[in-house]
Amino acid sequence: MVMALQFATGLEPYGADMYTGKLVALGIVRELGPVLTALLVGGRIGSGFAAELGSMAVTEQIDAIRALGADPVKKLVVPRVLACIITIPLLTMMADVVGCFGGMIITIDEVGITPTFFFQQVLDTLWVVDLMHGLFKSVFFGYAIGIIGCFVGMHTTGGTEGVGNATTRAVVATAITLLISNFLLSKLFVSIYG
């Protein structure tokens, strides 16, 4: 909604405010949907993984799993990472729909276009490549969130204080990784698909 407001007011002096829907849809589907979803989920879920596995590490439950002959990575890490890989793209699609709907409301109010015109702009602008751009990013982001949260959690030491520090490290590492990888993935997609 904020993006729609900024584009509508910024494009108005040039007589291009009616194209706000195109810019909003493209920005949300390619960038904002995947990135904001991943940052929110990464902060919540990544820290949760780090805290849960960190508690297991400091209480030697992970060592007990190894002593029983089971692989803690298969039992504890793989299901969490797969859940992130599956869930983040689904949440990203939901964020795209909600974001475009919010953009439509503001664009209709600020610019004075009809909902039909807004949807026509969105359909004219977005291609399957744009949707895949955002969804591929979200798959990678899901993998990164799961791996970072689990890695930090599995390597936690120092008792309950160490668990608290691990959750902070997981959130910071996840956010930095997501933002840097977003730039690199965007650069890659732009160079491939334009």
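Scroll up for the structure.
In this report, the structure presented in the accompanying data block is examined. In this text the structure is predicted, and so the values were computed from the model without any measurement. (Residues numbered from 1 in each chain as written. Predicted model: local features only at pLDDT ≥ 70, side-chain atom pairs only at ≥ 80, totals over all residues. Heavy atoms only, no water.)

### Looking at the packing of helix H4 (residues 72–111) against helix H6 (residues 128–154)
Working step 1: At a minimum axis separation of 8 Å, H4 and H6 run at an interaxial angle of 150°. By the angle between their axes, H4 is roughly antiparallel relative to H6. Crossing hand, H4 versus H6: right-handed. Between H4 and H6, the contacting residues are Pro-72, Val-73, Val-77, Arg-80, Val-81, Cys-84, Ile-85, Ile-88, Pro-89, Thr-92 and Met-93 on the first element and Gly-134, Leu-135, Ser-138, Val-139, Gly-142, Tyr-143, Ile-145, Gly-146, Ile-147, Cys-150 and Met-154 on the second. (Axes fitted to C-alpha atoms, helices over the stretch in contact; angles between N-to-C directions. Helix = DSSP H or I, 4+ residues; strand = E, 2+ residues; numbered from the N terminus. Parallel < 35°, antiparallel > 145°, perpendicular 65-115°, else oblique. Left-handed = near helix turned anticlockwise from the far one by under 90°. Contact = heavy atoms within 4.5 Å.)

### Quick notes on the nonpolar core
Working step 1: The biggest cluster of nonpolar side chains holds 20 residues, and the ones touching the most others in it are Leu-53, Met-56, Ile-62, Leu-76, Phe-141 and Ile-145.
Working step 2: Of all the secondary-structure elements, those providing two or more residues to this core are helix H2 (20–58), helix H3 (61–67), H4, H6 and helix H7 (159–193).
Working step 3: When residues in this core are grouped by element, the largest group, seven residues, is from H2.
Working step 4: Setting aside chain neighbours within four positions, we find Met-56 in contact with Gln-61, Ile-62, Ile-65 and Leu-76.
Working step 5: Membership of the second largest hydrophobic core comes to twelve residues, among which are Ala-4, Cys-100, Met-104 and Phe-118. (Core = buried A, V, L, I, M, F, W, Y, C linked by side-chain atoms within 4.5 Å. Buried < 20%, exposed > 50% of the residue type's maximum accessible area, 1.4 Å probe, protein only.)

### Some thoughts on the packing of aromatic side chains
Working step 1: Throughout the structure, instances matching the rule amount to two aromatic pairs.
Working step 2: Look at Phe-118 and Phe-119: their rings are 6.1 Å apart centre to centre, the planes differ by 80°, and that puts the pair in the edge-to-face class.
Working step 3: The class of Phe-119 is partly exposed, set by a relative accessible area of 46%.
Working step 4: Residues Phe-136 and Phe-189 carry aromatic rings whose centres are separated by 5.5 Å and whose planes lie at 90° to one another, so their mutual orientation is edge-to-face. Placement of the pair is Phe-136 in helix H6 and Phe-189 in helix H7, with a sequence separation of 53 residues.
Working step 5: The buried category is assigned to Phe-189, whose relative accessible area is 10%. (Phe/Tyr/Trp six-rings, centres within 6.5 Å; stacked < 30°, edge-to-face > 60°.)

### Some thoughts on the pattern of salt bridges
Working step 1: A complete count under the given rule lists four salt bridges for this structure.
Working step 2: The salt bridge partner of Glu-31 is Lys-137, with a shortest N-O separation of 2.8 Å. With Glu-31 in helix H2 and Lys-137 in helix H6, this residue pair connects regions lying 106 residues apart in the sequence. (Salt bridge = Lys/Arg side-chain N within 4 Å of Asp/Glu carboxyl O.)

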